[in-house]
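Structural characterization, general
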Amino acid sequence: MAIQFALQDGKSLSQRPSIAAYVVDRAFFLAAGLGAFTIVALVAYILWEIGGQALPAVIKNGPQFLVNTHWNVQNQSFGILPQIWGTLYSSLLALLIGGFVGVTIAIILTQDFLPHQIAVVFRTLIEMLAAIPSVVFGLWGIFVVIPFIRPAADWLHDVAGFIPFFGTSLSGPGMAPAVIVLAIMILPTVAAISQDAISLVPYKVKEAAYGMGTTRWEAILKVIVPTASGGISSSLVLGFGRALGETMALAMLIGNANQISLSLFSPANTLASLLASNFPEAGQIERQALMYAALVLLAITLVVNVIGTLILAWTSRKIVKA
Amino acid sequence: MMAKAAKIQDRRQSRPAPSKKFNLRRNVLELRSLRNVFLTAGACLVAALGAVPLISVLYMLVVKGGARLNLELFTELPPAGFEQGGGIGNAIQGTLATVAIASAISIPIAILAAIYLAEFRPEGPTSALARFLSKVLTGFPSILAGVFVYAAVVLLMGGYSALAGGVALAVLMLPTVTLTAEGAMRMVPQRMKDAAIGMGCTKTQVVWHVTLPTALPSIVTGVILAVARVAGESAPLLFTALFSNYWLRSVREPTASLSILIYNFSSMPFENQIELAWAASLVLVLIVLTFNILSRFIGRPQV
């Protein structure tokens, strides 16, 4: 870089880049462009590879694959309805719990409920939760959550067994422990994005509400949360997306049973844990069917994530404009 | 807060007593006030509940994992079925190796892409697409990275390998590092870049001498967080790096990793293996948290 700061006969301080600098600039521009292009190409390649590998199974099984309920390697008849059900059911229940707790935490942290130092510590704790690896949660679920909820599960099954949700007894792994751990895992995502959304609400909106004589919670529930509703709902959608794709903790906790049941205490399966548990030992035909299942999982999460990203982009633009 | 409250109190006292008709004070026993108190208590309780799992996880790690924390853990190979003792040395080595491979592949590409997105063509169609796809990829289920790499690398190379595991982790790191690096570069004040351009710098010189040095702490933070995240990943390694009971000698061989070791040992009926799974979890969480804390120290805003 040949920049000289001394003035020479009133000439400008700046000078043109040398030819070499120009060539380097072009080359670097191309390299950077290649980097950006790699991301686009990677996504295309992922779709092409998984799609290509799944193609034989897609042709052979057709749309029947989505509604069949058996995963039978001997007969080579494959269907993933129980896994789709398990994925959606576990994610929805986890979203119900994790979303509620996550949004509550976001409110507590942004609305000056806690003294500053405690709020900082608490926020760090919740962020640390996001750093714990999925397998560690799985291990914790096996040795802490399952023994902990077993008495409650047994009692609920005995007393209220006629309700379909408690229709079976908890034999070990099952839907309930999986949902609890899943809820804990999506909680930091929901809390973080909701906090951003709530702190984007202009101060004057809150002050106007207080000026009207509302209590703190009236202001929160009737003014602040509705104003931040776009961001909060995108946090829920993105949390849901995380829950759909979560693999290891579920593979360890859900019991890997291909059945459709409303019961919280019966084992089930999800698309991701089907992949995790069957893929390593699968033969050629089963592997193609698993690729088809991966394609379905990809489609579901892609749709959910695109919706979440779009809501987030749309609402943050709207609030900034207003 | 206190001063404000005192002022309001002052004003109230200096005024004539409010008439019964226009009492603006809220009655503490009014339904709305009670609901307010009840909601505050409930919300604090729910929030406290959210902190319980973390404390429980950390407690179990320290108690169960800490019991096996000794030198043997780091130097020995995993035990077979009924064997006693043993360690997780090769799993630690494998995790470090796969994460190093992933970093070596993804960080240069991600930084280049971020420079393009933040500096060269912030508004261009390729940038918009790349940015959108990166955001979508960050929500991508990690097991699909494993499925993809199985199809793209494992089938091609004819077997499981540490290299394939590294590539799978790189797929996960790429979008996160790109997005955080782009954000960091956008935080560099425009006037600094303008000044450099006014001196006759090319765009490349601006990037190398102004943008990158200024944004470096935030970029490093993003990189460390991404490394911490993939160090704990297991789903993408399941059928790319697989597992191995021996030390890693070549990147073309299958390799052990902490996360897969935890997964495998958690379902074993032997007490020894389960203790090792807890110890491995402790080591893994310590690695991840160290990276997280490191990122906080480096990432103090300096712009």
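Before reading further, recall that the structure is shown in the block above.
Below is a summary of the structure that appears in this document.

Scoring rules and cut-offs
Throughout, a residue's number is its position along its own chain's written sequence, starting from 1. Chains and ligands are labelled by the order in which they are written, letters from A for the one and numbers from 1 for the other. Note on the predicted model: pLDDT of at least 70 is required for a residue's local features to be given, and 80 or more for side-chain atom pairs to be given and counted; whole-chain, interface and lining totals, by contrast, use all residues. Side-chain measures were taken over the full set of non-hydrogen atoms in the model, leaving aside hydrogen atoms and water. For helices the rule is a DSSP run of H or I covering at least 4 residues; for strands it is a run of E covering at least 2, with both sets numbered from the N terminus onward. Put simply, the radius of gyration uses C-alpha atoms, and a globule should come to 2.2 Å times the residue count raised to 0.38. Here's how the labels work: a residue is buried when its accessible area is under 20% of the maximum for its type, exposed when over 50%, partly exposed in between, all with a 1.4 Å probe on protein chains only. In this description, contact between two residues means that some pair of their heavy atoms is separated by no more than 4.5 Å. Reported accessibility uses the Shrake-Rupley method at a 1.4 Å probe radius. Residues are deemed covered only where the shown protein chains occlude them. Charge assignment in this entry is limited to Lys and Arg as positive and Asp and Glu as negative, and neither His nor the chain termini are counted. Just so you know, the charge point we use is NZ for Lys, CZ for Arg, CG for Asp and CD for Glu. Here a salt bridge means any side-chain nitrogen of Lys or Arg lying within 4 Å of a carboxyl oxygen belonging to Asp or Glu. Polar contacts, as used here, are pairs of N or O atoms within 3.5 Å; protein pairs need one atom able to donate a hydrogen and one able to accept it. Residues neighboring in sequence count only if both atoms are side-chain atoms. Here a Phe, Tyr or Trp ring, Trp counted by its six-membered ring, pairs with any other such ring whose centre lies within 6.5 Å, and the pair is stacked when the planes are under 30 degrees apart, edge-to-face when over 60, and tilted otherwise. Counted as over-ring charges are cases with an Arg CZ or a Lys NZ within 6 Å of the ring centre that also lie within 35 degrees of the ring normal. Geometry is summarised by axes, namely lines fitted to C-alpha atoms with helices restricted to the contacting stretch, and by angles between N-to-C directions that run from 0 to 180 degrees. By definition in this entry, angles of less than 35 degrees are roughly parallel, angles greater than 145 are roughly antiparallel, angles of 65 to 115 are roughly perpendicular, and the rest are oblique. A clockwise turn of the near helix away from the far one marks a right-handed crossing, whereas an anticlockwise turn of less than a right angle marks a left-handed crossing. In this description, buried area is defined as the sum, over both parts, of the accessible area (probe of 1.4 Å) that is lost when the two are combined. By the convention adopted, Pro, Cys, Tyr, Trp, Phe, Met, Ile, Leu, Val and Ala count as nonpolar, Lys, Arg, Asp and Glu as charged, and the other residues, Gly among them, as polar. Here, nonpolar core means buried Ala, Val, Leu, Ile, Met, Phe, Trp, Tyr and Cys residues that are tied together by side-chain atoms lying within 4.5 Å of each other.

**Some points on the overall build of chain A**
Summing up its helical and strand segments, chain A has 12 helices and 2 strands in all. Secondary structure elements of chain A, listed N to C terminal, follow the sequence α-α-β-β-α-α-α-α-α-α-α-α-α-α. Taking 20 Å as the expected radius of gyration for a compact globule of 322 residues, we find that chain A reaches 26 Å, considerably beyond that expectation. Looking at the 322 residues of chain A, the share that counts as buried comes to 50%. Within chain A, counting contacts between residues at least 6 apart in sequence, those at least 24 apart form 74% of the total. Approximately 14,800 Å² of chain A is accessible, and the part contributed by carbon and sulfur atoms is 68%. When the 15 positive and 13 negative side-chain charges of chain A are each reduced to one mean point, those points stand 11 Å apart.

**Quick look at the pattern of salt bridges**
Per the stated rule, a full pass over the model turns up 9 salt bridges over all chains. Arg242(A) is the salt-bridge partner of Glu246(A), the closest N and O atoms lying 3.9 Å from each other. In this structure Glu246(A) comes out as buried when scored by relative accessible area, which is 10%. Overall, Arg242(A) belongs to the partly exposed group, its relative accessible area being 33%. Measuring nitrogen to oxygen at the nearest pair gives 3.0 Å for the salt bridge that ties Lys193(B) to Glu119(B).

**Topic: the side chain of Ser266(B)**
Note that Ser266(B) resides in helix H10 (residues 258-266). Within the structure, the side chain of Ser266(B) is placed 2.9 Å from the backbone oxygen of Tyr263(B), a separation counted as a polar contact. Sequence-distant contacts of Ser266(B), that is, excluding residues within four places in its chain, are made with Leu139(A), Ile142(A), Phe143(A), Met252(A) and Ala277(B).

**Structural notes on unusual backbone geometry**
Glycine aside, residues mostly have negative phi, and peptide bonds are mostly found in the trans state. With phi around 50°, Asn256(A) is a residue other than glycine that occupies positive phi space. Located in the positive-phi region is Leu242(B), a residue other than glycine, with phi close to 55°. Locating Leu242(B) in the fold gives a position in the loop between helix H9 (203-231) and H10.

**Describing the packing of aromatic side chains**
By the definition in use, this model includes 17 aromatic pairs over all chains. Where Trp71(A) meets Phe78(A), the ring centres are 4.7 Å apart and the plane angle is 55°; that geometry is what we call tilted. Ring centres 6.3 Å apart and planes at 70° place the aromatic pair Phe137(A) and Trp140(A) in the edge-to-face group. Of this pair, Phe137(A) and Trp140(A) both sit in helix H5 (residues 134-160), separated by 3 residues, roughly a single helical turn. On the basis of relative accessible area, Trp140(A) is assigned to the buried category, the value being 5%. By way of ring pairs, the aromatic residues Phe28(A), Phe29(A), Tyr116(B), Phe120(B) and Trp208(B) are connected into one cluster. The ring centre of Phe29(A) lies 4.9 Å from the NZ or CZ of Arg26(A), which sits over that ring. Across the ring face of Tyr203(A), the terminal group of Lys206(A) is positioned such that the distance to the ring centre comes to 4.9 Å.

**Some remarks on the packing of helix H1 (residues 19-61) of chain A against helix H5 (residues 125-138) of chain B**
Where H1(A) meets H5(B), the axes come as close as 9 Å, and the angle between the chain directions of the two elements is 55°. What the angle tells us is that H1(A) and H5(B) run oblique. Between H1(A) and H5(B) the crossing geometry is left-handed. Residues Ala36(A), Ile39(A), Val40(A), Leu42(A), Val43(A) and Ile46(A) of H1(A) pack against Leu129(B), Ala130(B), Leu133(B), Ser134(B) and Leu137(B) of H5(B).

**Digging into the interface of chain A and chain B**
With 80 residues of chain A in contact, the opposing surface of chain B contributes 80 residues. The junction of chain A with chain B conceals about 7,200 Å² of combined surface from both sides, 80% of it contributed by carbon and sulfur atoms. Taken as a group, Phe28(A), Ile39(A) and Leu139(A) account for 9% of the area that chain A buries against chain B, more than any other trio of residues on that side. On the surface where chain A and chain B come into contact, there are 2 salt bridges. Looking at which element gives the most residues to the side of chain A that touches chain B, the answer is H1(A), with 20 residues. Its residues assigned to classes, the side of chain A that touches chain B comprises 58 nonpolar, 16 polar and 6 charged.

**Things to note about the nonpolar core**
Core analysis: the biggest nonpolar cluster contains 184 residues, and Ile88(B) and Met185(B) have the highest contact counts within it. The biggest single contributor to this core is helix H6 (residues 175-199) of chain A, with 15 residues. Ignoring sequence-local partners within four residues, the contact set of Met185(B) consists of Ile111(B), Ala114(B), Ile115(B), Ala118(B), Glu119(B), Lys193(B), Thr211(B), Leu212(B), Ala215(B) and Ile219(B).

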